[in-house]
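The chain contents come next:
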Amino acid sequence: MSSVGLSAKEYFLSQLEEEEKIYREITRLDDKDMLQYKTLLTRLDDLHKGIKKSNTTKETGKALEDLVSFLFDKSSIFSVYENIRNTTNEIDQLLELNYKGEKLRHFIKLPGDIFLSECKNYNKKIDVTWVGKFYTLLESNKSRIGILFSYHGLTGANWNDATGLTRKLFLLKEKLEERSYIIDINYKDFEKIKEGESLLEIIEAKMKGLRFQTNFEKFLEKKHPALLENNNNE
């Protein structure tokens, strides 16, 4: 953008807007990535719906893990370490910000420096037992962000069952900076990504939903510029 004729305020605002645009663009799926993502999502969907037959649950689990690994890789800002074992537990994915992530840290809303992810391949919703176990894993590793990926999501709603437990666990500690976010990412969210949302935008919206005890979709109403462009071109 040319700086000719701009005031100092306009110039610096344009620089900040350009930097934010770069962050948004590198953390979303481009057209090429989207084609591959849709292929991975269709495979997962077909296995769960029985359209594609599988002799083992391992194949369905691998389909979910492949999809999640792809999303983390294409978000561009994470270094991902898979199947980490310590003396008591195994972590499916341990994430930390890579060089690009650190350079763009002021745009990233995730607190802390280590984030944990688990893939749960079940033909039903995840119950309170697994949410409780995941919280223990977060606490033992001093991580404040845990993302549970599954096809069907968590049991319950509002303050009930597994969904309610994520809210109660979030409120356990008095100070906001010490609270833990357990984020549920399920098939409905995978569909949102297919429609153009980014994984990070959904995670950040769900964090706000957990913090303010409200529907996270309210925080997705500010559409990504790419989505607005697509709508304008229709």
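Residues numbered from 1 in each chain as written. Predicted model: local features only at pLDDT ≥ 70, side-chain atom pairs only at ≥ 80, totals over all residues. Heavy atoms only, no water.

**Focus: helix H7 (residues 187-194)**
In terms of burial, H7 is largely enclosed, as six of its eight residues are buried. Regarding H7, the residues found buried are Tyr 187, Asp 189, Phe 190, Glu 191, Lys 192 and Ile 193. Next to the buried residues of H7 lie helix H2 (31-49), helix H3 (57-74), strand E4 (145-150), strand E5 (181-185) and helix H8 (199-212). The N-capping residue of H7, defined by a side-chain oxygen 2.9 Å from the backbone nitrogen of Lys 188, is Asn 186. Looking one or two residues beyond H7, the residue adopting positive phi is Gly 196, at roughly 125 degrees. (Buried < 20%, exposed > 50% of the residue type's maximum accessible area, 1.4 Å probe, protein only. Helix = DSSP H or I, 4+ residues; strand = E, 2+ residues; numbered from the N terminus. Contact = heavy atoms within 4.5 Å. Polar contact = N/O pair within 3.5 Å; in protein donor to acceptor, adjacent residues only side chain to side chain.)

**Observations concerning the packing of aromatic side chains**
One pass over the full model with this rule turns up 10 aromatic pairs. A centroid spacing of 6.2 Å and a plane angle of 35 degrees characterise the contact between Tyr 122 and Trp 130, whose relative ring orientation is tilted. Classification of Tyr 122 by relative accessible area gives partly exposed; the value is 29%. Residue Trp 130 is classed as partly exposed on the basis of its relative accessible area of 29%. Linked through ring pairs, Phe 72, Phe 78, Phe 115, Phe 149 and Phe 190 together constitute an aromatic cluster. Just above the ring of Phe 216 sits the side chain of Lys 206; from NZ or CZ to the centre is 4.7 Å. (Phe/Tyr/Trp six-rings, centres within 6.5 Å; stacked < 30°, edge-to-face > 60°. Lys NZ or Arg CZ within 6 Å of the ring centre and 35° of its normal.)

**Some thoughts on the pattern of salt bridges**
In this structure the tally under the stated criterion is 13 salt bridges. A salt bridge links Asp 45 to Lys 49, with the shortest nitrogen-to-oxygen separation between them at 3.3 Å. Residue Asp 45 and its partner Lys 49 are both found in helix H2; the two are separated by four residues, about one turn of the helix. Residue Asp 45 is classed as buried on the basis of its relative accessible area of 11%. With a relative accessible area of 54%, Lys 49 lands in the exposed category. (Salt bridge = Lys/Arg side-chain N within 4 Å of Asp/Glu carboxyl O.)

**Details of the packing of H7 against H8**
Between H7 and H8, the least distance of the axes is 9 Å, while the angle of their chain directions is 130 degrees. With respect to each other, H7 and H8 are oriented oblique. With respect to the hand of their crossing, H7 and H8 are arranged in right-handed fashion. Between H7, through Asp 189, Lys 192 and Ile 193, and H8, the contact on the second element is made entirely by Leu 199, Ile 202 and Lys 206. Classifying every residue of the contact of H7 with H8 gives three nonpolar, no polar and three charged. (Axes fitted to C-alpha atoms, helices over the stretch in contact; angles between N-to-C directions. Parallel < 35°, antiparallel > 145°, perpendicular 65-115°, else oblique. Left-handed = near helix turned anticlockwise from the far one by under 90°. Nonpolar A, V, L, I, M, F, W, Y, C, P; charged D, E, K, R; others polar.)

**A look at unusual backbone geometry**
The backbone of Ser 76 sits at a positive phi, close to 75 degrees, despite the residue not being glycine. Relative to the helices and strands, Ser 76 is located in the loop between H3 and strand E1 (78-85). One non-glycine residue, Asp 161, adopts positive backbone phi at about 50 degrees. By relative accessible area, which is 49% here, Asp 161 ends up partly exposed.

**Structural notes on the nonpolar core**
The biggest cluster of nonpolar side chains holds 45 residues, and the ones touching the most others in it are Tyr 37, Phe 72, Phe 78, Leu 110, Phe 149, Ile 185 and Phe 190. Breaking this core down by element, the ones donating at least two residues are H2, H3, strand E2 (90-97), strand E3 (115-120), E4, E5, H7 and H8. Non-local contacts of Phe 78, meaning those with residues more than four positions away in its chain, are made with Phe 72, Leu 95, Glu 96, Leu 97, Asn 98, Leu 110, Phe 115 and Leu 200. Judged by nonpolar contacts, the second largest core, of 14 residues, contains Tyr 135, Leu 148, Ala 162 and Leu 169. (Core = buried A, V, L, I, M, F, W, Y, C linked by side-chain atoms within 4.5 Å.)

Interpretation note: all reported values are geometric properties and have no functional meaning in isolation.
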